[in-house]
Amino acid sequence: MNTFLKWPGNKTKVIERLLPHLQGGKGRWLIEPFVGSGAVFAHTDFERYILNDINEDLMELYRILRGRNYKVFIEAARDWFTPETNHRNYYDAQREHFNNGATGMTRAAIFLYMNKHGYNGLVRYNQKGKFNVPFGDHKKVKFPEQEMIEFHQKLKGRECLLGSLEFTVAFEMAGQGDVIYCDPPY
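Nothing here was measured: the structure is a model prediction, and the numbers come from that model.

1. Here's the deal with helix H5 (residues 88-99)
Working note: α-helix, 3.6 residues per turn, so residues spaced by three or four point in the same direction. Helix length check: H5, at 12 residues, gives a terminal C-alpha distance of 16 Å against a target of 16 Å (1.5 Å per residue), a fit within 8%. Against helix H3 (56-66) and helix H6 (104-117) lie the buried residues of H5. Of the residues trailing H5, glycine 101 is marked for its positive phi of about 120°.

Spelled out as structure tokens, the structure:
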């Protein structure tokens, strides 16, 4: 399964080297205190997961994709992935809307849009909590429909806690033999 987000430090390219170290736990949980794009989740097969990230926008997107209305979200998000939306002025307007009150599915769709259209997939907020990544100037941006559907299906098929907690709280949730994959941001 491929991830649907661009993310600095995404582990997709090194996942084959990581997998032997992740499969040895006797517990049924894989705990990711800094889940990011979810690449480790996407490539492992635990019974249960704790996916956590302090970024509430990221985790809300994951919660929406886990929910019953994920198809409604995907259809709505598609509108942000047209040739007309792939330019700096549109991006800047969406970022402004995001920073000044967008909520719910609209906020999640704009977050997805900015992740895919922004510079290098960066996710960065200033000290006032405003998203401040500039436009990425990509020739074409693929709408990640199939990847989001697969993400939903994997979440649906397992017990999965999605949190926006301090990473230490995620650590405290571990039991004997559970696996913690900890790759903190730098």
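2. Comments concerning the sheet that holds strand E3 (residues 159-163)
Spatial ordering of the open sheet is given by E3-E2-E1-E4, a layout of 4 strands whose pairing is parallel. Strands with a single pairing partner mark the edges of an open sheet, and in this sheet they are E3 and strand E4 (179-180). Each of strand E2 (48-52) and E3 is contacted by H3, which is oriented at about 150° to E3, the strand it contacts most.

3. Comments concerning the layout of surface pockets
The volume enclosed by the largest pocket comes to roughly 640 Å³. Every residue lining the largest pocket is counted, 27 residues in all, and those nearest its centre are Trp7, Phe34, Gly36, Asp53 and Pro185. Class assignment for the residues of the lining of the largest pocket results in 16 nonpolar, 6 polar and 5 charged.

4. Considering unusual backbone geometry
In terms of backbone geometry, most residues other than glycine have negative phi values and most peptide bonds are trans. Of note in the backbone geometry, asparagine 120 takes a positive phi value of approximately 55° without being a glycine. The residue asparagine 120 is located in the loop between H6 and helix H7 (145-156) in this model. You will see that aspartate 137, though not glycine, has its phi angle at about 55°, which is positive. Note that aspartate 137 resides in the loop between H6 and H7. For aspartate 137, a relative accessible area of 59% translates into the label exposed.

5. Details of a nonpolar patch on the surface
A grouping of Leu161, Leu165, Val169 and Met173 is seen on the molecular surface, where their side chains present a nonpolar patch of about 290 Å² in accessible area. Tracing the backbone through its elements, the reader meets leucine 161 in strand E3. Note on leucine 161: relative accessible area 37%, which makes it partly exposed.

Cut-offs and rules
- Residues numbered from 1 in each chain as written.
- Predicted model: local features only at pLDDT ≥ 70, side-chain atom pairs only at ≥ 80, totals over all residues.
- Heavy atoms only, no water.
- Helix = DSSP H or I, 4+ residues; strand = E, 2+ residues; numbered from the N terminus.
- Expected span 1.5 Å × (residues − 1).
- Contact = heavy atoms within 4.5 Å.
- Pairing = 2+ DSSP bridges.
- Axes fitted to C-alpha atoms, helices over the stretch in contact; angles between N-to-C directions.
- 1 Å grid on protein atoms, 1.4 Å probe; cavity = no way out; pocket = protein on both sides within 12 Å on 5 of 7 lines; lining within 4 Å.
- Points joined across faces, edges and corners; volume = space filled by probe spheres on them.
- Nonpolar A, V, L, I, M, F, W, Y, C, P; charged D, E, K, R; others polar.
- Buried < 20%, exposed > 50% of the residue type's maximum accessible area, 1.4 Å probe, protein only.
- Patch = residues over 30% accessible without salt bridge, like charges linked within 9 Å, V, L, I, M, F, W, Y side chains within 5 Å.
- Areas by Shrake-Rupley, 256 points an atom, 1.4 Å probe, with all protein chains shown as cover.
- Salt bridge = Lys/Arg side-chain N within 4 Å of Asp/Glu carboxyl O.

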